[in-house]
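# Remarks on the overall topology
For reference, the chains in residue letters:
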Amino acid sequence: MSRKFESLIGNRSFLIGTIITLIVALMAGLSFLWTPYSVSALDIVAKLKPPSISHWLGTDHFGRDILSMIMVGSRASIFVAFVSVAIGAGIGVPLGLWAAARGGIVDEMLMRFNDLIFAFPALLSAVMITAIFGPGAVNAIIAIGIFNIPVFARVARGAALALWVREFVLAARAIGKGEGRITLDHILPNLANILIIQGTIQFSLGILAEAGLSYVGLGAQPPMPSWGRMLFEAQTMISLAPHMALFPGLAIMVTVLGLNLLGDGLRDFLDPKLRYMR
Amino acid sequence: MLSYASKRVVIGILTLLAASIIVFAVLEVVPGDPARLMLGMNATEDAVRALQDQMGFNQPLILRYFSWLGDLLTGDFGKSYTYSVPVIDLIKERIAVSLPLALISLALSTIIAIPIGIFAASRRGSTADTTAMGIAQVGVAIPNFWFALLLVYIFAVVLRLLPAGGFAGWENGFWPSIKSLILPSVALALPQASILARVTRSSLLDVLGEDYIRTARAKGLSRRKVLYHHALRNALIPVLTILGMQFSFLLAGTIIVENVFYLPGLGRLVFQAITQRDLIVVEGVVMILVATVIAVNVLVDLSYAIVDPRLWSRK
Amino acid sequence: MNIWKAFLFGTAVALLPATASFAAKTDLVLGIVLEPPHLDPTAGAAAAIDEIVYANIFEGLTRIGPKGDVLPALAESWTKSEDGKVYTFKLHKGVKFHDGTTFDADDVKFSLDRARGDTSTNAQKGLFAAIDTVESVDPLTVKVALKQPSGDFLYNMAWGDAVIVAPESADTNKDKPIGTGPFKLENWAKGSQIVIAKNPDYWGTPATLEKATFRIIPDPAAATAALLAGDVQAFPVFPSYETIAQFQADPRFKVVIGTTEGETVMGMNNKKPPFDNVKVRQAIAHAIDRKTVIDGTMFGFGTPIGSFFPPHHPAYLDLTAEAAYDPELAKKLLAEAGYADGFKTTLKLPPPTYARRGGEIIAAQLREIGIEAEIIPVEWAQWLDQVFKNKNYEMTIVSHTEPNDLNIFARDDYYFNYDSAPFKELIKQIDATSDGPKRIELYQQAQKLLAADEPAAFLFQLPKTGIWDAKIEGLWENGPIQANDLTAVKWAD
């Protein structure tokens, strides 16, 4: 009974996660074609209006429609999170595979490199990086991406090491295939599942990180709306217009929740061994 | 045990050394001149140059690195460009805020999370389990600075029970200072507690699934006894790892929450020092934080060995 | 004592503060937004330094009063030679520094020579440029010879950067300020507060307050909460414009909207095309709706300006009509300049809210006439480097808070890259003219010239938004300089 129940939960979180993620993606897509109001036109007279029929989520300190801002703001979150995951996976996975294939000194170096990056407080370092290159979406991507590299490298290495001792790999080796060939033909395809799961997790962490950087003024810059910066603007207005703080935060929370549920569901589905681990 | 420990320590020291090179090199390329920043818009060129000389910027890079590193080894972190007091004094003042904040939130999250995790694991699949884990799922997804804003709105703006920000200062009494740390530590603790509860639960479930636990049960030991005496001890390893990571995170990662509450902690010190180009302060604090992370990692590794003596014999 | 007696006694105690038997409070907690980097006004430009130490801890030969006038301070009187080139200052007797050392003419000579010397790190070294020699005639007499007559000399000597320090303590003033003022530093808890206490040995009229605490509260929401809760009793420059209305309606508080010397402008790089074309600059000035900018950034607090001059000055001319909001005219001017379809440019914004929020609004307004201004936020360090020093910018927004700074448009190599021979000539004449109708006339000519040339788009004068407990008296209503002079502050009985 309990097994079945567990897998039902798994499926359910996969389902809910997928639905939420799709809604956010659709919202971002729709924002390219249509938003209730323009986010570039300011209407100071209509500033700080609470939610109403005409503005479902109210207006901000410049009289902009918060619903429209959230819709357009989703682009910055998704863009930054996606590209930083791509950077992390694009550099980290090859590194991890290389270390697993070679072992020895290469492996040791990679592990020490990971230790080194992990030793830096991520957020603080991201702040330093953006201080050097200036605030902006691209630099936020670099700052977040760098810290994704060791995550993917470690996951790829760990999973690849487990595969290298499996029979089909030993067989491939016996017929004289080289390390590179084996990695491409046998290791990488078998890593797809675990990388997709890790990618989902890093994606949701990326959304949180982007929001945090934007909140301290180092993420996407105006006039491009961003959820984190909306929260920053909301802070000084909190006693006058709490709705300004409520909705962008909800948007972040729901998106991250959706991605996490999707990630958990995928894990149950693709990799039952890891069911309980987070 | 000894060789395992000493290997960990040596690696830790090497990592720290590498980190010092990175920190120094990265900050070397930061654009902006602290001397000009101090003297502002009306400053004459020769006044700016005089201040640069005073700050000792006109020496070669390598020389400055080694003299900085040498001073660090003797515990001398240098003198802040802007405050012109020893960096170590600034750090001490800020740690008096950051450390209590980190400890309170860590304690808070541990007290909440571990019982919930154990409870959920022991009632796996029950409504209570699903509810607790559902809440934890939401807790993980909440950005802590947003949660902080909501707390400010409820407890400072509407109810006026607690300060909205700032730090009273320990010299103004214990209670006012603690009061200014309550909201920040709650804001920090919620996501941490959510993660910790999930890890506790899953790690306990893993252990409960292992053969020796089944054997113990088969031998007729009660469910409770197995849970508390055998399973819990072994389930501690992942929990310890997470706790160690969280401590390091809390010490440095409070930067955004410190910004919400304008707390004069380490994170805000670095943040301000970066904008003021007070690089020697940035270098000092980052090195301390990196050293803390490394030390905590080594300690966690060593405590594995204590919890699980099998590790003693492994490399 | 029975319960009844105790009750009566309690009631009596509760009523007591209303009677005269309790003396008025003698301590005050003030809120400030920015923490000073250190406390030496002769070695830094940060306004936050003067906000603590000016007139409280350190004093100069002269000082600036609440109305912006020059008053005697450590110099009890002075005489000026016929040709206007030699000032002889008579110093006060019996003045001591906080460490007990005696103040005399040698300290004046030391301070002025230090500020203008080769190794000087004074942020306003230019103030001392006119000085040729400083001579201590006797312990209470100082003679200062100028290279040429200067109408501003006494005013310049009143700046916080020109305070008198002692040779014994000059190098440690950053951390342990030793001045001659009515207050001494008691304690500085970095990141939270600075406490100053009454100096019992003060040479002049002693302060009424025994103790004043400057609490650092950078967050507007926290500032509002701290005032409402009474944790802070005065906020001389209140940062949260959005909540001021709430205090105006509350009889417990006094809200004083005063003037400052802060002209907020959108500077343009006058040498970089298309901003080298005066028609483009005029078009931009007409494209900006100052009222919307002030409403959107300052919640309505702030006075629109049409030139670079503070509205409270007797020589002020209201020239806002010269740059009235008129998008049609702006488009026409752009077309005449050859940019009928507008152009792309950049707008670099330093951290203050007026710049970041104001910049967003102005960028939206410029878009209406076809100018696409990309917003580039910069930190102060980057702003000073890129915009101010290297003039690597197109447009930027900044508030010029120094008093008496009309001459920045006459400076060679200033970041506006504005080069106007007639304007330089006017400033030269102003410098050489002492007060009087002639000087006012020249000031007005200069204002008109700037309004016509628009080397920058003039936006608004920053207000001094002071909020304090209605029972406090003696705080400055206006901000002729950025200071919190507490010498006359007291609690009403």
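Notes on the structure in this doc start here. (Residues numbered from 1 in each chain as written. Chains lettered and ligands numbered in written order. Predicted model: local features only at pLDDT ≥ 70, side-chain atom pairs only at ≥ 80, totals over all residues. Heavy atoms only, no water.)

### Examining the overall build of chain C
Regarding its fold elements, chain C presents 13 helices and 19 strands. Since a compact globule built from 493 residues should have a radius of gyration of about 23 Å, the 25 Å found for chain C is in line with a globular shape. Dimensions of chain C along its principal axes, counting C-alpha atoms only, are 90 × 65 × 40 Å. In chain C, the proportion of contacts linking residues at least 24 apart, taken out of those at least 6 apart, comes to 68%. Carbon and sulfur atoms make up 53% of the accessible area of chain C, which amounts to about 19,400 Å² in all. Side-chain charges in chain C split into 48 positive and 65 negative, and the spacing between the mean points of these groups amounts to 1 Å. (Helix = DSSP H or I, 4+ residues; strand = E, 2+ residues; numbered from the N terminus. Rg over C-alpha atoms; globule rule 2.2 N^0.38 Å. Contact = heavy atoms within 4.5 Å. Areas by Shrake-Rupley, 256 points an atom, 1.4 Å probe, with all protein chains shown as cover. Lys, Arg positive; Asp, Glu negative; His and termini not counted. Charge placed at Lys NZ, Arg CZ, Asp CG, Glu CD.)

### Remarks on the environment of D89 of chain B
Structurally, the position occupied by D89 of chain B is in helix 5 (residues 87-122). When the C-alpha positions of D89 of chain B and I255 of chain B are compared, they lie 19 Å apart, and in sequence the two are 166 residues distant.

### Considerations on unusual backbone geometry
Cis geometry marks the peptide bond from P222 of chain A to P223 of chain A; its omega dihedral reads 5°. Checked against the element boundaries, P223 of chain A lands in the loop between helix 7 (179-215) and helix 8 (227-236). With an omega of 0°, the peptide bond between P273 of chain C and P274 of chain C qualifies as cis. Positionally, P274 of chain C belongs in the loop between strand 12 (253-268) and helix 7 (278-287). Phi at D413 of chain C is positive, roughly 70°, even though this residue is not glycine. Relative to the helices and strands, D413 of chain C is located in the loop between strand 16 (395-400) and helix 12 (421-432). Judged by relative accessible area, which is 61%, D413 of chain C ranks as exposed. (Buried < 20%, exposed > 50% of the residue type's maximum accessible area, 1.4 Å probe, protein only.)

### Some words on the sheet that holds strand 7 (residues 141-146) of chain C
Residues and elements named next belong to chain C. The sheet built from four strands is open, its strands ordered 4-5-7-6 with antiparallel pairing. Every other strand in the sheet has two partners, leaving strand 4 (75-80) and strand 6 (131-138) as the edge strands with one partner each. Neighbour-to-neighbour, the strand axes of this sheet turn through a mean angle of 20°, independent of strand direction. The sheet strands contacting helix 3 (residues 105-116) are strand 5 (86-91), strand 6 and strand 7, and the helix crosses strand 6 at an angle near 165°. (Pairing = 2+ DSSP bridges. Axes fitted to C-alpha atoms, helices over the stretch in contact; angles between N-to-C directions.)

### With respect to a nonpolar patch on the surface
Residue and element names in this part refer to chain A. On the surface, a nonpolar cluster with roughly 370 Å² of combined accessible area is contributed by L15, I16, I19 and I23. Tracing the backbone shows I16 in helix 1 (residues 2-33). For I16, a relative accessible area of 37% corresponds to the partly exposed category. (Patch = residues over 30% accessible without salt bridge, like charges linked within 9 Å, V, L, I, M, F, W, Y side chains within 5 Å. Salt bridge = Lys/Arg side-chain N within 4 Å of Asp/Glu carboxyl O.)

### Structural notes on the interface of chain A and chain B
Of the residues lining the interface, 43 residues belong to chain A; the matching set on chain B comes to 48 residues. With both sides pooled, the region where chain A packs onto chain B buries about 4,200 Å², and carbon together with sulfur makes up 78% of that total. Counting across the chain A and chain B interface gives one salt bridge. Between D264 of chain A and R198 of chain B there is a salt bridge, with its nearest N and O atoms 3.0 Å apart. When residues of the side of chain A that touches chain B are traced back to their parent elements, those giving at least two are helix 1, helix 3 (104-119), helix 4 (122-133), helix 7, helix 8 and helix 9 (243-270) of chain A. At eleven residues, helix 9 of chain A tops the list of elements feeding residues into the side of chain A that touches chain B. Taken together, the residues of the side of chain A that touches chain B sort by class into 32 nonpolar, six polar and five charged. (Buried area = accessible area lost by both parts, 1.4 Å probe. Nonpolar A, V, L, I, M, F, W, Y, C, P; charged D, E, K, R; others polar.)

### Quick word on the packing of helix 12 of chain C against helix 13 (residues 437-453) of chain C
Residue and element names in this part refer to chain C. Their axes nearest at 10 Å, the elements helix 12 and helix 13 cross at an angle of 160°. Classified by the angle their axes make, helix 12 and helix 13 are roughly antiparallel. Judged by the sense of rotation from one axis to the other, the crossing of helix 12 with helix 13 is left-handed. Taken together, the residues of helix 13 that come into contact with helix 12 (itself represented by P422, F423, L426, Q429 and I430) are R439, L442, Y443, Q445, A446, L449 and L450. (Parallel < 35°, antiparallel > 145°, perpendicular 65-115°, else oblique. Left-handed = near helix turned anticlockwise from the far one by under 90°.)

### Regarding the interface of chain C and chain B
At the interface, 47 residues of chain C touch 36 residues of chain B. Contact between chain C and chain B buries roughly 3,300 Å² in total, counting both sides, with carbon and sulfur atoms accounting for 57%. Interface area lost by chain C to chain B is led by T121, K190 and L384 of chain C, which between them contribute 16%. On the surface where chain C and chain B come into contact, there are two salt bridges. Within the residue set of the side of chain C that touches chain B, elements represented by two or more residues are strand 8 (183-189), helix 5 (220-229) and helix 11 (380-389) of chain C.

### Quick look at the nonpolar core
One finds M266, I284, L406, F409, Y415 and F416 of chain C to be the most contacted residues of the largest nonpolar core, which totals 279 residues. Considering every element that reaches this core, the biggest residue donor is helix 13 (residues 279-307) of chain B, with 17 residues. With near-sequence residues (within four places) excluded, L406 of chain C lies in contact with F308, F309, F423, I427, I430, Y443, A446 and L450 of chain C. (Core = buried A, V, L, I, M, F, W, Y, C linked by side-chain atoms within 4.5 Å.)

### Some remarks on the environment of K147 of chain C
Residue and element names in this part refer to chain C. Along the chain, the position of K147 falls in the loop between strand 7 and helix 4 (153-156). C-alpha of K147 to C-alpha of A129: the two residues are 18 residues apart in sequence and 8.6 Å apart in space. Setting aside residues up to four positions removed in sequence, K147 forms contacts with K85, A129, A130, I131 and D132. A polar contact of 3.0 Å, which involves the side chain of K147, links it to the backbone oxygen of A129. (Polar contact = N/O pair within 3.5 Å; in protein donor to acceptor, adjacent residues only side chain to side chain.)

### Describing helix 12 (residues 266-275) of chain B
Counting buried residues along helix 12 of chain B, eight of its ten residues qualify, which places the element largely inside the surrounding structure. Residues of helix 12 of chain B that are buried: L266, G267, R268, L269, V270, F271, A273 and I274 of chain B.

### Considering the pairing of strand 17 (residues 456-469) of chain C
All names here are of chain C. In terms of burial, strand 17 is a largely internal element, 14 of the 14 residues being buried. Across two bridges, the pairing between strand 11 (residues 234-235) and strand 17 is antiparallel. Residue F235 lies in a different strand from strand 17, and its bridge partner there is I467. Judged from the twelve bridges that link them, strand 12 and strand 17 form a sheet pairing that is antiparallel.

### Concerning the packing of aromatic side chains
Going through the model one piece at a time under the given rule, you end up with 38 aromatic pairs over all chains. Judged by centre distance (5.3 Å) and plane angle (70°), the ring pair of F24 of chain B and Y65 of chain B falls under edge-to-face. Remark: Y65 of chain B occurs in helix 4 (residues 61-73) and F24 of chain B occurs in helix 1 (residues 2-28); sequence separation between them is 41 residues. On the accessibility criterion, F24 of chain B (7% relative accessible area) is buried. Relative accessible area serves as the criterion here: at 11%, Y65 of chain B is assigned to the buried category. Geometrically, the ring pair formed by Y202 of chain C and W203 of chain C is tilted, given 5.2 Å between the ring centres and 50° between the ring planes. Given a relative accessible area of 15%, Y202 of chain C falls into the buried group. The class of W203 of chain C is partly exposed, set by a relative accessible area of 23%. Here the aromatic residues F308, W380, W383, F388, Y393, F409, Y414, Y415, F416, Y418, F423 and F458 of chain C are joined through ring pairs into a cluster of three or more. For the cation-ring pair, R75 of chain A lies above F32 of chain A, with the distance from its terminal atom to the ring centre recorded as 4.0 Å. We note K25 of chain C situated over the ring of W491 of chain C; from NZ or CZ to the ring centre the distance is 4.3 Å. (Phe/Tyr/Trp six-rings, centres within 6.5 Å; stacked < 30°, edge-to-face > 60°. Lys NZ or Arg CZ within 6 Å of the ring centre and 35° of its normal.)

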